[in-house]
Amino acid sequence: MTFAEQTAGLTVRYQRRTPQLQRLVEDVGVVLAGRGGARMLRILNIRLSRCTVLSQLMRVPLPPLVTPRVLGVDDFALYGDTYGTLLVDATTRLPLTLWEGRDADQLSRWLREHPGVEVACRDGSLTYRQGIAGGAPDAVQVSDRFHLWQGLSRRVQDIASAHRGCLLAALPPADESDSAPAEVAGNTAKDTRAARHARRLFEAVQALTRTGRSHSSLARELGLDRRTVGKYARARTWQEVMRRPPRKPSTLDPYLDYLQQR
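None of the values given here were measured: they were computed from a predicted structure. (Residues numbered from 1 in each chain as written. Predicted model: local features only at pLDDT ≥ 70, side-chain atom pairs only at ≥ 80, totals over all residues. Heavy atoms only, no water.)

(A) Focus on the layout of surface pockets. As a volume, the largest pocket reaches approximately 390 Å³. What lines the largest pocket is a set of 15 residues, and nearest its centre among them are Gly72, Ala90, Arg93, Cys121 and Asp144. At the level of secondary structure, the elements contributing two or more residues to the lining of the largest pocket comprise strand 1 (70-79), strand 2 (82-89) and helix 5 (145-162). Sorting elements by how many residues they give to the lining of the largest pocket places strand 1 first, with five residues. Here the residues of the lining of the largest pocket are counted per class, giving seven nonpolar, two polar and six charged. (1 Å grid on protein atoms, 1.4 Å probe; cavity = no way out; pocket = protein on both sides within 12 Å on 5 of 7 lines; lining within 4 Å. Points joined across faces, edges and corners; volume = space filled by probe spheres on them. Helix = DSSP H or I, 4+ residues; strand = E, 2+ residues; numbered from the N terminus. Nonpolar A, V, L, I, M, F, W, Y, C, P; charged D, E, K, R; others polar.)

In structure tokens form, the structure reads like this:
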């Protein structure tokens, strides 16, 4: 029932909950959202559906936007090749706003509307660099640790892959007693079935590529996919084709032994 008479601090017009109860519903909704919030409120003898909890959550006003001194700018994938832009307060690590697309003009407009940014953390995108320079020309543009490590690791991986065949030649000269294990290890890597298959395909594709034929005709003759032919044609050594990306760590790693046992 709605309240017919109003009592300051106890009732609000057109509401079915007291202000204190309304704040409780909003706080539970902020922490647990719809389903979890409805289950928690049911324990407190407040029976609301998940949709009602979400609707009350949407009524909570957002905190006022305070322009940060250190602003973080990064993109994120919405779906496929569609990206969005996310602005974060780098000091509190709280998100400020986001929008679809990676537009320099939109970023410049936001910075002009919210002056006070002194440092801007971004990736190596030219779009964000132009947007920050246009909206906050006095701000210092820096790269955060994540993008520095990401760029460095990718560059090291590309260089190591490109010069994989030269690594053994770059090793310092060793004694005769130390040369045997290295030679055995090298021969073992070259004598695997996968290595022989990769070397055979690499030599066949490279020999046919020098004739000037297209990748499609080579794929039909060798019975391979066109992308596979292109990969072998672009490689400078057959070891590059053998490269496998490192396995990413998983949350199941501590339990792999138990899972295999089961």
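(B) View of the pattern of salt bridges. Under the counting rule described, the total for this entry stands at four salt bridges. Residues Asp75 and Arg102 are paired through a salt bridge, measuring 2.7 Å at the closest nitrogen-oxygen approach. Placement of Asp75 in strand 1 and of Arg102 in the loop between strand 3 (94-100) and helix 3 (104-113) is noted, with a sequence separation of 27 residues between them. By relative accessible area, which is 41% here, Arg102 ends up partly exposed. The partner of Arg213 in a salt bridge is Glu221, and the shortest N-O contact between them spans 2.6 Å. The exposure class of Arg213 is partly exposed, given its relative accessible area of 34%. (Salt bridge = Lys/Arg side-chain N within 4 Å of Asp/Glu carboxyl O. Buried < 20%, exposed > 50% of the residue type's maximum accessible area, 1.4 Å probe, protein only.)

(C) View of the packing of helix 8 (residues 193-209) against helix 10 (residues 226-234). Between helix 8 and helix 10, the shortest axis-to-axis distance is 9 Å and the interhelical angle comes to 85 degrees. By the angle class used here, helix 8 and helix 10 are roughly perpendicular. Contacts between helix 8 and helix 10 involve Ala198, Leu201, Phe202, Val205, Gln206 and Thr209 from the first element and Val229, Tyr232 and Ala233 from the second. Tallied by class, residues from the contact of helix 8 with helix 10 come to seven nonpolar, two polar and no charged. (Axes fitted to C-alpha atoms, helices over the stretch in contact; angles between N-to-C directions. Parallel < 35°, antiparallel > 145°, perpendicular 65-115°, else oblique. Contact = heavy atoms within 4.5 Å.)

(D) Focus on the packing of helix 3 against helix 4 (residues 126-135). Two elements in contact, helix 3 and helix 4, have axes whose closest approach is 7 Å; the angle formed by their N-to-C orientations is 30 degrees. The hand of the helix 3/helix 4 crossing is right-handed. Taking contact as the criterion, the partners of Ala104, Leu107, Ser108, Leu111 and Arg112 in helix 3 are, on helix 4, Thr127, Tyr128, Gln130, Gly131, Ile132, Gly134 and Gly135. Looking at the contact of helix 3 with helix 4 residue by residue, the class counts come to five nonpolar, six polar and one charged. (Left-handed = near helix turned anticlockwise from the far one by under 90°.)

(E) A look at the nonpolar core. Core analysis: the largest hydrophobic core is formed by 14 residues, its most contacted members being Phe202, Val205, Val229, Tyr232 and Trp238. For this core, the secondary structure elements donating two or more residues are helix 8, helix 9 (215-222), helix 10 and helix 11 (238-242). With six residues, the single largest contributor to this core is helix 8. The next biggest cluster of nonpolar side chains, apart from the first, holds 13 residues, and it includes Trp110, Leu111, Ala120 and Ala136. (Core = buried A, V, L, I, M, F, W, Y, C linked by side-chain atoms within 4.5 Å.)

(F) Molecular detail of helix 4. Those residues of helix 4 not exposed but buried are Tyr128, Gly131, Ile132 and Gly135. Angularly, the buried residues of helix 4 cover 95 degrees about the axis, an arc narrow enough to put them on a single face. Looking at the buried residues of helix 4, the elements they touch are strand 1, strand 2, helix 3, strand 4 (119-122) and strand 5 (140-143). Its side-chain oxygen at 3.2 Å from the backbone nitrogen of Thr127, Ser125 defines the N-terminal cap of helix 4. (Arc of directions from axis to C-beta. Polar contact = N/O pair within 3.5 Å; in protein donor to acceptor, adjacent residues only side chain to side chain.)

(G) Structural detail: the pairing of strand 1. In terms of strand pairing, strand 1 meets strand 4 through three bridges, oriented parallel. Within strand 4, the position partnered with Gly72 by the bridge is Cys121. In the sheet, strand 1 pairs with strand 2 via eight bridges, with the strands oriented antiparallel. Across the sheet, residue Tyr79 finds its bridge partner in strand 2, namely Thr82. Between the antiparallel neighbours strand 1 and strand 2 lie two residues, among them Gly80 with a positive phi of about 60 degrees. (Pairing = 2+ DSSP bridges.)

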